[in-house]
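# Coordinate inspection notes
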Amino acid sequence: MASERPPYRRLRKASDLPTIAAASPPSKRMRTGKEYGSYEDRISTLPEEILLIIIGKLDTRTTVTTIILSKRWRDLPRRLPTSYNLAVDDLLPPRYHRLKRLNMEAKSAYEAEKILHKLNDIYSIKARHERWMAKIGPLTAILERYERRAMRRYVKQVNAFLLAPNNVRQRRPIEKLRLQMLGCWHRNIDEWVTTAIAKWGVEDFELVVDGRCLIYDLKQLDGYRNLRLKQLALFNCQPVRSWNCLTVQRLTKLSLAEGSYMGMLSTILLNCVQLKDFRLTSCSYFQTPLHINVPTSKIKTLQVDRCSFAKIYLHSLPCLETFVCRGRPTKLSYGEVPQLRHVSLDYLQTEDNDIDDESGTKRTYPPSKFFKRVPQLDCLVLQFKGTQMWIEPFVVLSEFSQLKKLFIANVPVNWDALWILLLLDATPALESFHVHIDNNSEEKSAGDLCASLDAGARQDRYRRLKELVVAGFEGLGWQTGFVRLIMKRSPLLRRVHLLDGHVRDDEQELGALQIVPRRREWHECERAEVLEDLTAGFRWPPQIILE
């Protein structure tokens, strides 16, 4: 029995391996005894490549904490092209988010009640406001207490991360940095912005302020040259002073959201000489027109998202290629935009934006209000959503003579399809047509819709149309008649794709949409009947894909 091998082997110490000892020099923290007894910092003996892999697997807060471990670790996170998201939400407990959700629900109910009853009497509004404040008053006090505690910790962490002592030199720049603040804690914001952009060389900087609008001064950046800043996003901020060319000479992407920028918008666009992507989000300037006139601009993509402008004037943007507008219906006027090829309109009509403030009458929105002096487009994406049929038939336009791709999404089934046919008649060069039908809306009788299709029939043909895609196809009578009518007018049509599904924004291309298919189980008899109805009377029908 003594000669038998033990059921297990003793693990050797790192000091027993001469090859490892020779490959990596001993650390300062290693203390070796006389008989191989040692107290060794095993992590410090690892090669630098392995340490970088370990740090790369950690979250941002843990990575920042590792800076204080040793002098060797202090600069390791900065040698990687990392992005830091220093959000105060990470310091708030789950209970805070639950209470905040309850607070927002109570506020939404209060606003809905005001709209429902159309309150104009100041005493009625005051009474409901007092009842609402009695509900959210205790919640607000608890939320503010959580926010104060979190912001005290947050300020200490950001100061420790950004504001290094004067004798510590920042070795390598940070590519991306995101800061988030709550309330009116802005005493250190000027120093944070200056340090991040000027000293750390941040290329992509995002500043989010929840609560009050933050005012800060960009003048402190005037003394710095060779700034690396290329992308800047500001949420609920109001920069003061003028933007000079030195500060933004490399800026290519700018996003402004939930702040007051109208007074300096022209100055910003004029001074950002290299700006190519500009986005304006949730800027509430009700009944105020937006004028953009920058003849020297290099902006290629412009996005206006959830703003309340009465009208948008694109006077002069010589390099503009893509324009996206989302939110309430907004009238558009195009000026000198010779390179504009892609327009995406995502309009939502709600009960609070279909009333004319001057006359008190219901508003209707014929497409002519959105397509005045439209340039020669290649792609047009339309999403007209709402509770009523607020698209009027319009006179056939001649501005779409070069349109090659048309995508109409979220068409309620209770809308008349005549306006779609009129729009198709104005696109003689159309090659690809996608339409998505929203089957969640109230269904209308098929007879009325089919009658409207016959009434709008014309002898014109879509001579270049090669592809037809209908999402939300359920084989209803009017849907089959709609597809057959387009097939009759399209002699070059080669592919018809009919499927069930919904649409979402394309992450790869701004303003584009993707169809997310949904599996529909067709019975063989039902499938055969639909295909027979579609191909009846055609000598050479196109390829029809029904799924």
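Here is a short report on the structure shown in this document. On a predicted model such as this, the values are computed, not experimentally measured, just so you know.

## Quick word on the overall build of the protein chain
On a plain count of helices and strands, the protein chain comes out with 11 helices and 24 strands. By element, 50% of the accessible surface of the protein chain is carried by carbon and sulfur atoms, the whole surface being about 30,600 Å².

## Quick look at the pattern of salt bridges
Following the criterion strictly, the structure yields 11 salt bridges and no others. A salt bridge links Asp505 to Arg326; its shortest N-O distance comes to 3.9 Å. Residue Asp505 is located in strand β22 (residues 501-505), and its partner Arg326 is located in strand β14 (residues 322-327); the two are separated by 179 residues in the primary sequence. Since its relative accessible area comes to 44%, Asp505 is described here as partly exposed. Judged by its relative accessible area of 15%, Arg326 falls in the buried class.

## Observations concerning the packing of helix α10 (residues 477-489) against helix α11 (residues 524-535)
Interhelical geometry of α10 versus α11 gives an angle of 35 degrees and a closest axis separation of 9 Å. Here α10 runs over α11; the crossing is right-handed. Of the residues in α11, those in contact with Thr480, Val483, Arg484 and Met487 of α10 are Asp533, Leu534 and Thr535.

## Brief notes about the side chain of Thr301
You can see Thr301 is positioned in strand β12 (residues 301-307). A relative accessible area of 18% places Thr301 in the buried class. Not counting residues up to four positions away in its chain, the partners in contact with Thr301 are Lys276, Asp277, Phe278, Leu320, Thr322 and Leu510.

## With respect to α11
In a regular helix each residue adds 1.5 Å, so 12 residues correspond to 16 Å; α11 covers 16 Å between its end C-alpha atoms and thus fits that length. One or two steps after α11, the chain reaches Gly537, where phi turns positive at roughly 90 degrees.

## Focus: the state of the cysteines
Tallying each qualifying case throughout the model produces 0 disulfides. Cys307 supplies the cysteine sulfur nearest to Cys325, a cysteine that is in no disulfide, at a spacing of 7.9 Å. Assessed through its relative accessible area of 1%, Cys325 is described here as buried.

## Topic: the sheet that holds strand β15 (residues 331-336)
Strand order in the open sheet formed by 3 strands is β11-β13-β15, with parallel pairing between adjacent strands. Both outer strands of the open sheet, β11 (288-293) and β15, are each paired with one neighbouring strand and no more. Each neighbouring strand pair of the sheet contributes to a mean axis angle of 10 degrees, computed without reference to strand direction. Of the strand pairs in this sheet, β11 and strand β13 (residues 309-316) are connected by 5 bridges, and their pairing is parallel. Looking across to β13, one finds that Thr288 is bridged to Phe309.

## A few points about the environment of Gln383
One can find Gln383 in strand β17 (residues 379-386). For Gln383, a relative accessible area of 5% puts it in the buried group. Between the C-alpha atoms of Gln383 and Val411, which are 28 residues apart in sequence, the distance is 7.6 Å. In this structure Gln383 touches Leu345, Asp346, Tyr347, Ala409, Asn410 and Leu513, once residues within four positions along its chain are discounted. For Gln383, the side chain forms a polar contact with the side chain of Asn410, separated by 2.7 Å.

## Quick look at unusual backbone geometry
Of note in the backbone geometry, Arg306 takes a positive phi value of approximately 55 degrees without being a glycine. Structurally, the position occupied by Arg306 is in strand β12. Although it is not a glycine, Asn410 sits at a positive phi angle of roughly 60 degrees. Relative to the elements of secondary structure, Asn410 occurs in strand β18 (residues 405-412).

Cut-offs used in this document
- Residues numbered from 1 in each chain as written.
- Predicted model: local features only at pLDDT ≥ 70, side-chain atom pairs only at ≥ 80, totals over all residues.
- Heavy atoms only, no water.
- Helix = DSSP H or I, 4+ residues; strand = E, 2+ residues; numbered from the N terminus.
- Areas by Shrake-Rupley, 256 points an atom, 1.4 Å probe, with all protein chains shown as cover.
- Salt bridge = Lys/Arg side-chain N within 4 Å of Asp/Glu carboxyl O.
- Buried < 20%, exposed > 50% of the residue type's maximum accessible area, 1.4 Å probe, protein only.
- Axes fitted to C-alpha atoms, helices over the stretch in contact; angles between N-to-C directions.
- Left-handed = near helix turned anticlockwise from the far one by under 90°.
- Contact = heavy atoms within 4.5 Å.
- Expected span 1.5 Å × (residues − 1).
- Disulfide = S-S within 2.5 Å.
- Pairing = 2+ DSSP bridges.
- Polar contact = N/O pair within 3.5 Å; in protein donor to acceptor, adjacent residues only side chain to side chain.

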